[in-house]
Structures are given as structure tokens and as C-alpha cells.
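Descriptive analysis of the structure
In case you want the letters, here they are:
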Amino acid sequence: MRAIALLLLAALILAAPPAEARKPNTRCYCMPAPFATRYTTADAVFTGEATEVETQEPMVEYGNDDIPVKVTFKIDKAYKGANDGNTFLIYSNMHVWTCAGATFEKGKKYLVYAYKRRPEHYETWSIYQFPSETYDVGGACGGIALQDAKEAADDLMLLKDKPVDNTTQSPIINGVIGAIPEKNAPKPEGAAE
């Protein structure tokens, strides 16, 4: 009897699909907007290295693998909304299950389309309640790509012919674009009181 039970248990284990096959589909299928639309709607467009990827511990939700992160980029080449050499902060999440965020890796170079959160909009690409005036990548379909990926190469060919547009640059706080201002921090020159 014991032999039959072991034989049945072995048959069940062998018949079960591997753990990877039991996971739900983790890919986000989307069609990014055309280049012209992404360029026009993005508040900043640049290439740069992710120098830090920090989990935002107070916002972590148990059971949610799309963890909130602050990503610090050192801009190599700015095309819109920033200048070469600036530091740029993105408040997003690590893309695992949802179509929000991206898979950020420290030390990797990216083509970034950054979108500012605005108080009057509900941003479908933002799954965490980061403050207004912070930036995100517009979800997995917002245009962010590794700089050496084919998607980035196509966009970089189009970007090289565009004049640099830094007329809509956000305020720089202590040398950083996208920093969350502290309550009593000094206001940048020209900022409203």
C-alpha cells in the first residue's frame, strides 16, 4: 500500500508543470505611441546612466512585486527638458507584473522619456502615490529603452536631427531635476513664493 502511495505521489509530481509554467504571463504587451507623440508629450528626453536604484521602503506593499523605486540618472545627452550633465530623478517602480515602470539596473544606460506627475491628472502609468511634480517613465510603454536596444537606436536616429529643447526645463534643486522639495528648503531663484 505504501508503495502505491509513493508511486501516485511521484506521478503527481512528474505530471505537474514546472513552477515557471504555472506563473502568470509576466510580459506587458503594449504598443508605444509613435515617436512624435512620445517626444511631444514627454517633459524630458535624454540618454543617461542609472547611477542609483533605491527601493522606497515606506511605500512597499506586501505581495506586490512591482516595488517602488527612486532611480538617479546622470544625463549624458539631453534632448528636451534638461541639460547634459544634469542629475535626473525618476520615481517609478520595477516592472514585473503591471505595465507600469521599467526594469531598472544600476550601471546601465537608457534612453529616457520622462513624464511629470501633475495634480490635475490621474496618471494611469503610475501605480504608487508619488508626489505631484515628480517624474516617471510613463509606464512600460512610455518609450524608455536600454540605450543599445533597437527601439532606442531608432529613436536616437530621429532625435539627432532635432534641436535641443531645454526651454521647458524643470527647476533644479541642489543640482538635481525632479528632487522632491523639502518643506522648508530654499526656493530656487525665480520660483513662486
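Let us look at the structure shown here. (Residues numbered from 1 in each chain as written. Predicted model: local features only at pLDDT ≥ 70, side-chain atom pairs only at ≥ 80, totals over all residues. Heavy atoms only, no water.)

1. Let's talk about unusual backbone geometry
Residue Glu 133 is not a glycine yet carries a positive backbone phi of 80 degrees. You can see Glu 133 is positioned in the loop between strand 4 (109-116) and strand 5 (135-136). (Helix = DSSP H or I, 4+ residues; strand = E, 2+ residues; numbered from the N terminus.)

2. Comments concerning the pattern of salt bridges
Side chains that differ in charge, positive against negative, can pair when their charged atoms come close. This structure, assessed with the given rule, holds eight salt bridges. For Glu 54, the salt bridge is made with Lys 70, and the minimal N-O distance between the two is 3.9 Å. Here Lys 70 lies in strand 2 (residues 68-80) and Glu 54 lies in strand 1 (residues 44-55), a separation of 16 residues in the sequence. The partner of Lys 150 in a salt bridge is Asp 154, with the nearest N and O atoms 2.8 Å apart. Note that Lys 150 and Asp 154 are positioned in helix 4 (residues 150-159) at a spacing of four residues, about one turn of the helix. (Salt bridge = Lys/Arg side-chain N within 4 Å of Asp/Glu carboxyl O.)

3. Focus on the layout of surface pockets
Here the largest pocket defines a volume of roughly 580 Å³. Breaking the lining of the largest pocket down by element, the ones donating at least two residues are strand 6 (145-146) and helix 4. When residues in the lining of the largest pocket are grouped by element, the largest group, three residues, is from helix 4. (1 Å grid on protein atoms, 1.4 Å probe; cavity = no way out; pocket = protein on both sides within 12 Å on 5 of 7 lines; lining within 4 Å. Points joined across faces, edges and corners; volume = space filled by probe spheres on them.)

4. Examining the environment of Glu 57
Counting through the fold element by element, Glu 57 comes out in the loop between strand 1 and strand 2. Distance in space between the C-alpha atoms of Glu 57 and Ile 67 is 8.7 Å, their sequence separation being ten residues.

5. Regarding the packing of aromatic side chains
All told, the structure shown has eight aromatic pairs when counted by the stated rule. Among the aromatic residues, those joined into a ring-pair cluster are Phe 46, Phe 73, Phe 88, Phe 104, Tyr 110 and Tyr 135. Geometry around Tyr 79 places Lys 77 over its ring, the cationic atom sitting 5.6 Å from the centre. A cation over an aromatic ring shows up here: Lys 80 above the ring of Tyr 39, its NZ or CZ 5.1 Å from the ring centre. (Phe/Tyr/Trp six-rings, centres within 6.5 Å; stacked < 30°, edge-to-face > 60°. Lys NZ or Arg CZ within 6 Å of the ring centre and 35° of its normal.)

6. Observations regarding helix 4
Every buried residue of helix 4 is listed here: Ala 152, Asp 155, Leu 156 and Leu 159. Down the axis of helix 4, the buried side of the element spans an arc of 105 degrees, and every buried residue falls inside it. Against the buried residues of helix 4 lie helix 3 (35-41), strand 1, strand 2, strand 4 and strand 6. (Buried < 20%, exposed > 50% of the residue type's maximum accessible area, 1.4 Å probe, protein only. Arc of directions from axis to C-beta. Contact = heavy atoms within 4.5 Å.)

7. Considerations on the nonpolar core
Counting residues in hydrophobic clusters, the biggest one holds 21 residues, and the most contacted among them are Phe 73, Phe 88, Ile 90, Phe 104 and Val 112. Listing elements by their share of this core, those giving two or more residues are strand 1, strand 2, strand 3 (87-93) and strand 4. Per element, the largest residue contribution to this core is five residues, and it comes from strand 2. Setting aside anything within four residues of it in sequence, one finds Val 112 in contact with Ala 44, Val 45, Phe 46, Phe 73, Ile 90, Val 137 and Ile 144. Grouped together as the second largest cluster of nonpolar side chains are 13 residues, Ala 42, Leu 111, Ala 145 and Ala 152 included. (Core = buried A, V, L, I, M, F, W, Y, C linked by side-chain atoms within 4.5 Å.)

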